[in-house]
Structures are given as structure tokens and as C-alpha cells.
Amino acid sequence: MSLMESHPTLADAYPTRVSTEPTLLYRQDPVVYGGPEDGPIDAATLDSFEANGYLSVEQLIGPEEVETYRAELRRMAADPAILADERTVTERDSDEVRSIFEVHRISDVFARLVRDPRVVGRARQILGSDVYVHQSRVNYKPGFTGKDFYWHSDFETWHAEDGMPRMRAVSISIALTENFVHNGGLMIMPGSHKTFVACVGETPADHYKASLKSQEVGTPDPGSLSILADKHGIELFTGPAGSATMFDCNCMHGSNGNITPFPRSNVFIVFNSVENTCVEPFSAPSPRPSFIGARDFTPITD
Ligand code: 6CS
Ligand code: FE
């Protein structure tokens, strides 16, 4: 089926996984849609987010809240029903829990977090509209065996496989354990969000079953990564439990494995603008399950 047949009204602004050669395209969308008067982020920080594609909050949630979320991590990872659920993804070479998806629906604790004004207020401000949760997950990255997340742009996957039309989504990563320089913290190339790396390789059916363990299709080639790294450098995000990083959907990012005894457990929430709701995938045989790419676009209300 041609692209126009599957999207009679929507042209594909970011064609990816359709060519045998990687391509670097200019971003065609704004980065920041709201202003300093629209939420808790001040003007200087918004300007920095526009330029770099991310912002950090030293202490988004307090130590006692962190303990509540840590207890929830332990409870979920010990719940046989959750461990047996397809929302739970184990590491590629062990039964260690790598991620649990859609935590905002299976956990009352995380359901409250997505509607916390400190979280959703920042997302609405950056996206300049009402928002809904496109995806949520906890990444456990356990000590000794936690594996890496190779370089990628989230938007490239959400566009190709979830049908997200434009770059108007933002992730927030909240540290639930200390993120050190050595235990596999998030790395972002500052400014890379303004370049779309069109990847090669066709999306296989049910790609998510492999990609959530170790993504290959939809990851940039070494040449493109070298161009971006030479141009932008690489920022590593460290911080105490309770600290947070918000980053644009198209930042080039990844994280190393964790061979230290210290887990690097974070909760990730992805907010999409209600003006950017997902349609049919732009480059995949069928949409991913709703626990990975939401199909309920109900905006979060206070
Ligand atoms: O495929 C996805 O949607 C997920 N994979 C990664 C590595 N980051 C974004 C998202 O959690
Ligand atoms: Fe990612």
C-alpha cells in the first residue's frame, strides 16, 4: 500500500526506513510551542530547551516520594501477574526485568505521577496544548546485568511504527535511584533534535518483540552518528534519585549497560500533544500494541 493510500490526507514529513541510504533531514517542526507564562519553566530554561533539546530538574520529587516509587518498583517486579504480562520486557539474555510498560495504567502510584502538575504542567508548556500519555515505562537497568539502550531517536520509532505525524512530543525521565557516571545514565547529543536521521531497513512484523530488548532496525548508522557526535558532543546525565531530565522526542540518545552493583532505575513518561495524535504507521506493517503506543488520546485533566 503506497504511503498516500495509507495517509490520504497526511504527507510524510519524515520518510524513514524507505531507502537503502541513510539521510539527514532538517527538522520541520518547532521545539517549544508554549511560553514562560504557560507553566513552571522560566524563559531562559525554555530557550535552552529549544537550543539543546532537553532540560534538567535537580530535585523534581522529594526523597519520601522517591521511596514510594521505589517500593512500587519492587512490588511490580515481584508480582507474578505483572511478570507474566506482555507489558513486562526482560533483558535479552536473562530473566531480569528490563522494562515494564504502561505503568500509568497498571499502577495507581504512577497514575498519579503522570497527572502531577510538576510533570504534566511542564509537558503542556513545552507542547503548547493539552497532552495525553503516548507511552510510560520503568526501566530497571539492574546492577551487574543491566543492558544498554543503543543510540536512537524516539520520534523515528514513534513516527515509523506508531504513526506519530510530527515532532510535538516530550519525554520526562525521573531518576528513582542515583544516576552516577558509571551505572548507565542517559546520554543525549545536545542539539541533535534539530536533525532527523532517516534510517534504512524495513520494519519487520511485530518488530517491538525484538526492539524493546535490543533495537536494530530504526537505529542510525555509524556515519550519521559520527556526524552528529562531532557536531554536538555527548552530554551524560547524572543526578540523585528524584532528579529529572525532560527531552524532545527527536533527541539522539542512548545509555550504556550497567556492570556496577548500583541499579539505574528510572520512570519515563512520554507526553504527546492532542494536536499530534497518532495515525497509521508511516513505515511499518501495522501499529504497535496500545501499551507501547497509546490509541486512547484522552487529554490529561487536572
Ligand atoms: O520503542 C520505543 O518506543 C521505546 N524504545 C526506546 C529505546 N526508547 C523509546 C521507547 O521507550
Ligand atoms: Fe528512547
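Up top is the structure.
Described below are features of the structure shown in this document. Positions within a chain are numbered from 1, following the residues in the order the chain's sequence is written. The naming scheme follows written order: chains are lettered A onward, ligands numbered 1 onward. Local features in this predicted model are restricted to residues whose pLDDT is 70 or higher, and side-chain atom pairs enter the listing and the counts only when it is 80 or higher, whereas totals over whole chains, interfaces and linings include all residues. Excluding hydrogens and water, the side-chain figures rest on all heavy atoms present in the structure.

## A closer look at helix H3 (residues 63-78)
Line of reasoning, step 1. Here H3 spans 23 Å end to end across 16 residues, near enough to the 22 Å set by a 1.5 Å rise per residue.
Line of reasoning, step 2. In this scheme, a residue with accessible area under 20% of its type's maximum is buried, one over 50% is exposed, and one in between is partly exposed, where area comes from a 1.4 Å probe on protein chains only. Numbering of helices and strands starts at the N terminus; helices are DSSP runs of H or I of at least 4 residues and strands are runs of E of at least 2. Inspection of H3 places Val 66, Tyr 69, Glu 72, Leu 73 and Met 76 among the buried residues, and these make up the whole buried set. Down the axis, H3 shows its buried residues gathered within 120 degrees of arc, on one side only. Those residues of H3 that are exposed and aimed more than 90 degrees away from the buried face are Pro 63, Glu 64 and Ala 78.
Line of reasoning, step 3. Contacts from the buried residues of H3 go to helix H4 (80-84), strand E4 (97-101), helix H5 (103-106), helix H6 (108-114) and strand E5 (131-139). How far a helix is expected to stretch is found by multiplying one less than its residue total by 1.5 Å. Picture the helix axis, draw a direction to every C-beta atom, and the arc is the one those directions span. Residues are treated as being in contact if the distance between any of their heavy atoms lies within 4.5 Å.

## A word on the coordination of the iron ion (ligand 2)
Line of reasoning, step 1. Within the protein, the iron ion (ligand 2) binds to His 152 (NE2), Asp 154 (OD) and His 253 (NE2); these donor distances fall in the range 2.1 to 2.3 Å.
Line of reasoning, step 2. Listed donor atoms are N, O and S within 2.8 Å of the metal (Na, K and Ca: 3.2 Å). As water is not included, a site may look incomplete. Geometry is assigned from the angles between donors: four donors with all angles from 85 to 135 degrees make a tetrahedral site, four or six donors whose opposite pairs exceed 155 degrees while the rest stay between 65 and 115 make square planar or octahedral sites respectively, and everything else is labelled irregular. Seen from the iron ion (ligand 2), its four donor atoms lie at angles of 81 to 175 degrees, and the figure they make is irregular.
Line of reasoning, step 3. Spacing between the donor residues of the iron ion (ligand 2) along the chain follows H-x1-D-x98-H. Taken together, the residues His 152 in strand E6 (residues 149-153) and His 253 in strand E12 (residues 252-255) connect sequence positions 101 residues apart. We note that His 152, like His 253, is buried.

## Some points on the sheet that holds E12
Backbone-to-backbone hydrogen bonds join strands into a sheet, with any given pair of strands oriented parallel or antiparallel.
Line of reasoning, step 1. The criterion for strand pairing is that DSSP finds at least two bridges linking the strands in question. Sheet architecture is open: four strands sit in the order E6-E12-E8-E10, paired in antiparallel fashion. On the outer flanks of this sheet lie E6 and strand E10 (235-236), each paired with one strand and no other.
Line of reasoning, step 2. Pairing of strand E8 (residues 186-188) with E12, which is carried by three bridges, proceeds in the antiparallel orientation. Across the sheet, the residue bridging to Ile 188 is His 253, located in E12.
Line of reasoning, step 3. Across the sheet, helix H8 (residues 154-162) touches E6 and E12, and the angle it forms with E6 is around 70 degrees. The convention used is that axes are lines fitted to C-alpha atoms, helices contributing only their stretch in contact, and that angles between N-to-C directions extend from 0 to 180 degrees.

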